[in-house]
Amino acid sequence: MSRRKPQVSLARSDARAGIALISPTLVIVIFMVVLPILWTVMLAFRPLSLLNLIATGLFGTDFTLDNFRTVLNEGGFVESLVTTLAYSVLGTASAIVMGLVAALALRRSFRGRTFVRAAMLLPYVAPVVAVTFVWRTMLDPQFGIVNHWGTRLLGWDEPIAFLSQRSSEVSLFGLEFGVPTALFSVIAFEAWRSFPFAFLFLMARLQAVPATIEEAAQVDGATPSQRFRYVLLPQLLPTIAVLSILRFIWTFNSFDDIYLLTGGGAGTEVVSVRVFNFLTARGDIGLASAQALVLAAILAVFVGIFLWRFAPKEEKT
Amino acid sequence: MATQTRQPSALEPHKATRDRRWTRDAVENRVFGVLRWVVIAGLLVITVFPFYYMALLSVRALDEVLQDAGALWVSPSEINLGTYTSVLSSPDSGGQGFLIFMRNSAVVALGTVALTLLVALPGAYAVSRLEFFGRRQISVLFLAVYLFPGILLAVPLFVFFTRIGLRGTLVGLLIVYVSQIVAVSIYMLRNYFDTIPESLEESAALDGCGRLGIMWRISLPLAMPAIVANALFVFMIAWNEFLFALLFLVADRENWTVSLGLSQLAGSIEIPTTVLMAGSVILTVPIIVIFFLSERLLTEGLTAGAEKG
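It should be emphasised that the depicted structure is a prediction, and the values quoted were computed from it without experimental measurement.

### Re the overall build of chain A
Phase 1: Along chain A, the regular secondary structure elements total 14 helices and 2 strands.
Phase 2: Within the span of chain A, comprising 317 residues, buried residues form 39% of the whole.
Phase 3: Of all intrachain contacts in chain A linking residues separated by at least 6 positions in sequence, the fraction that spans at least 24 positions is 63%.

### Some details on the overall build of chain B
Phase 1: Along its length, chain B carries 15 helices and 0 strands.
Phase 2: Burial statistics for chain B: of 309 residues in total, 39% are counted as buried.
Phase 3: Sequence-distant contacts, at least 24 apart, represent 72% of the contacts inside chain B between residues at least 6 apart.

### Concerning the nonpolar core
Phase 1: Core analysis: the biggest nonpolar cluster contains 161 residues, and Ala-198 of chain A together with Ala-154 and Val-155 of chain B have the highest contact counts within it.
Phase 2: Counting residues per element, this core draws most heavily on helix α8 (residues 170–195) of chain B, at 16 residues.
Phase 3: Residue-level mapping places this core at the junction of two domains, with at least three residues from each of domain 1 (2–88) and domain 2 (91–302) of chain B.
Phase 4: In this structure, Ala-154 of chain B is in contact with Phe-276 and Leu-279 of chain A together with Leu-243 and Leu-247 of chain B, ignoring residues within four places of it in sequence.

### With respect to the domain arrangement of chain B
All names here are of chain B.
Phase 1: According to the domain assignment, chain B contains domain 1 (2–88) and domain 2 (91–302).
Phase 2: Computed over C-alpha atoms only, the centres of domain 1 and domain 2 are separated by 39 Å.
Phase 3: The interface is formed by 13 residues belonging to domain 1 together with 15 residues belonging to domain 2.
Phase 4: Those elements that provide at least two residues to the side of domain 1 that touches domain 2 are α2 (24–58), α3 (62–67) and α4 (82–88).
Phase 5: Among the elements that line the side of domain 1 that touches domain 2, the one with the most residues is α4, at 5 residues.

### As for the packing of helix α4 (residues 77–105) of chain A against helix α11 (residues 224–252) of chain A
Residues and elements named next belong to chain A.
Phase 1: Interhelical geometry of α4 versus α11 gives an angle of 140° and a closest axis separation of 9 Å. If you check the angle between α4 and α11, you find them oblique. Remark: the crossing between α4 and α11 carries right-handed chirality. Residues Thr-84, Tyr-87, Ser-88, Gly-91, Thr-92, Ala-95 and Ile-96 of α4 lie in contact with α11, whose contacting residues are Ile-240, Leu-243, Ser-244, Arg-247, Phe-248, Thr-251 and Phe-252.

### Observations regarding helix α14 (residues 285–310) of chain A
Phase 1: If you check α14 of chain A, its first and last C-alpha atoms are 35 Å apart, about what 26 residues at 1.5 Å a residue would give, namely 38 Å.
Phase 2: Of the positions making up α14 of chain A, those classed as buried are Ile-285, Gly-286, Leu-287, Ala-288, Ser-289, Ala-290, Gln-291, Ala-292, Leu-293 and Leu-295 of chain A.

### A short note on the environment of Phe-291 of chain B
All names here are of chain B.
Phase 1: Here Phe-291 is to be found in helix α14 (residues 273–293).
Phase 2: What makes Phe-291 partly exposed here is the crowd of 19 C-beta atoms within 10 Å.
Phase 3: With 88 residues separating them along the chain, Phe-291 and Ser-203 place their C-alpha atoms 37 Å apart.

### Section: the interface of chain B and chain A
Phase 1: Facing 88 residues of chain B, the contacting portion of chain A comprises 85 residues.
Phase 2: Partitioning the side of chain B that touches chain A into residue classes produces 60 nonpolar, 16 polar and 12 charged.

### Some points on the packing of helix α13 (residues 271–280) of chain A against helix α7 (residues 151–164) of chain B
Phase 1: At their nearest, the axes of α13 of chain A and α7 of chain B sit 9 Å apart, and the two run at 15° to each other. By the angle between their axes, α13 of chain A is roughly parallel relative to α7 of chain B. Considering the relative orientation of α13 of chain A and α7 of chain B, their crossing is left-handed. Residue-level inspection shows Ser-272, Val-275, Phe-276 and Leu-279 of chain A of α13 of chain A in contact with α7 of chain B, the latter providing Ile-151, Ala-154, Val-155 and Phe-158 of chain B.
Phase 2: Residues that form the contact of α13 of chain A with α7 of chain B fall into these classes: 7 nonpolar, 1 polar and no charged.

### Structural notes on the confidence of the model for chain A
Residues and elements named next belong to chain A.
Phase 1: Per-residue confidence for chain A gives a mean pLDDT of 84; residues scoring 70 or more make up 90%.
Phase 2: Within chain A, helix α2 (residues 53–56) has the poorest average pLDDT of any element, 64, and α4 the best, 94.
Phase 3: This stretch, residues 1–5, has a pLDDT under 50; its non-local contacts, to residues over four places away or in other chains, come to 1 contact.

### Considerations on α13 of chain A
Phase 1: Among the 10 residues that make up α13 of chain A, 8 are buried, leaving the element largely enclosed by the rest of the structure.
Phase 2: Within α13 of chain A the residues assigned to the buried category are Val-271, Ser-272, Val-273, Arg-274, Val-275, Phe-276, Phe-278 and Leu-279 of chain A.
Phase 3: On its buried face, α13 of chain A is in contact with α4, α12 (256–261) and α14 of chain A together with α7 of chain B.

### Brief notes about unusual backbone geometry
Phase 1: The phi torsion at Ala-266 of chain A lies on the positive side, around 55°, for a residue other than glycine.
Phase 2: Within the fold, Ala-266 of chain A resides in the loop between α12 and α13.

### Side note on the environment of Ile-240 of chain A
Phase 1: Mapped onto the elements of the fold, Ile-240 of chain A is located in helix α11.
Phase 2: The partly exposed category is assigned to Ile-240 of chain A, around which 19 C-beta atoms lie within 10 Å.

### As for the confidence of the model for chain B
Residue and element names in this part refer to chain B.
Phase 1: Of all residues in chain B, 89% attain a pLDDT of 70 or more, and the chain-wide mean is 82.
Phase 2: Per-residue pLDDT, averaged within each element of chain B, yields its smallest value for helix α1 (residues 2–21) (50) and its largest for helix α5 (residues 98–129) (92).
Phase 3: Confidence over residues 1–13 falls short of pLDDT 50; this stretch has 0 contacts with residues more than four positions distant or in other chains.
Phase 4: Note that pLDDT drops below 50 for residues 304–309; the model gives that stretch 13 contacts with residues more than four away or on any other chain.
Phase 5: Predicted complex, confidence summary: ipTM 0.86, pTM 0.86.

### Quick look at the environment of Ala-103 of chain A
All names here are of chain A.
Phase 1: Structurally, Ala-103 is set in helix α4.
Phase 2: Between the C-alpha atom of Ala-103 and that of Phe-201, which follows or precedes it by 98 residues, the distance is 8.9 Å.
Phase 3: Not counting chain neighbours up to four residues away, the residues in contact with Ala-103 comprise Phe-199, Leu-202, Met-203 and Leu-206.

Scoring rules and cut-offs
- Residues numbered from 1 in each chain as written.
- Chains lettered and ligands numbered in written order.
- Predicted model: local features only at pLDDT ≥ 70, side-chain atom pairs only at ≥ 80, totals over all residues.
- Helix = DSSP H or I, 4+ residues; strand = E, 2+ residues; numbered from the N terminus.
- Buried ≥ 20, exposed ≤ 12 C-beta atoms within 10 Å, placed from the backbone.
- Contact = placed C-beta atoms within 7 Å.
- Core = buried A, V, L, I, M, F, W, Y, C linked by C-beta atoms within 7 Å.
- Domains from an automatic or database assignment.
- Axes fitted to C-alpha atoms, helices over the stretch in contact; angles between N-to-C directions.
- Parallel < 35°, antiparallel > 145°, perpendicular 65-115°, else oblique.
- Left-handed = near helix turned anticlockwise from the far one by under 90°.
- Expected span 1.5 Å × (residues − 1).
- Nonpolar A, V, L, I, M, F, W, Y, C, P; charged D, E, K, R; others polar.
- pLDDT = per-residue confidence, 0-100.

As structure tokens, then:
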């Protein structure tokens, strides 16, 4: 029997084996990721705190819009959302620009390139707790090395509290304007930490650009900057687009970096840190969920764009 | 006079080369040629210096650091390794107990690697090779899960694990880690399975091998490089993870991982910064060792999706 229709029975047994092999993963993902996210939606509409959790139970029908009203009226949330946006946009942009510069500089091989390339990835792979601790020490106003040399070599009048000062006056060309010090510091950290990711992708893409088209441009008299502008950049744009969305998604809900650097103080309270504080310090599950949900809704748009535009198509049928 | 009229013509070829030397192309070539090395040096400094500074502070004495904060090296006679014994020894003997934290981190990270591979390998094989109902949707679901990490799951998982009493246990954390990592793990492994020619499996099937036999005898051994890379990748994620360790384990010092321990102790005034720098080195070194051992494998894994973009 199986000899007469081997194709059909093989396909059928493959389908069964496929379901069997994937189901452990599917169960874990559904129970630990999908359902919890859906459950957050329910929590966001309920007046729930850690204290009354036992009394009210995990599931209830006491739905209300109070949490969202409080979130929007209490103040701080919208401001925090703006901070998150500024942080994600500027962090993403500077990481990609830095990664692009690094990729272009390391493009042609030289002695020791392998080592430099590996060193370039260190910020990305090192434990976030360790690197934030080093940055905090380096930027410390009392004994940090940055302020030590900044005051001696760069002529700073006094040490700069990079991570605890909300804003500082900077005069440039006779113009005085305020700069959000702490926010810029965490953005600089974000660029430092995630540029290797952009660098890796752009480097891989650069090496796939056929040398012939650039040679042709050179023969036609294009200078290096023109070759970059008219030959390389168009080749890199799709990769830059993917990177922008990916990095934006990850920076938008990143928690560790800011929590560890500033604790959310000095004008750097992004929404994820705020959610954490509402959850642990205030124990207000409802309010924490409501804010997480707003964050998720914005994020869903970008994830949607990413999946719709860039998700790998099934190449086989 | 004749010499005067001849002079310009003698200079002409010289002038021409000077013109060529100052064309836009030549200028750009030279500027970028120099700029390239400046950029490489600059990038090297900003990426490596923080790690150098970490190691440097960990072997200096605290009062020397306070006296001379700008020192860029330490003379061999001043090297002080007391910070390491202090950070490693148990709290009972006046240390910070990082040895216990390291054990916890190792247990969680190795457990996460084992469990993730156990679940993800069959899953990745199925998604790559077998035609079954909903396969495409499952791939998209996993990609979405990969892009939707962290803080959004913090609230429900925190509440749920508090309620069932598993918060504060390493097992609870392990389950959370596996659930977060398994999707990306499958994604990476699947890309590798896709590159293994199917003809190898077909010939094994002709020799009478069943699906599981094919998977066990042909596909897994062939995918070994990817499996090793994936294991290292998962280990690094679990070893570095901070948010859920903080949410789940903060109450009980005995359960702290190295990341959590360092972050909790970093706020305290009594512990010298140099001792905590030693803690940072201890936290970072395993990752850097793994990374340099497997750099090529890992970067290939990380950029697996790059060409598709």
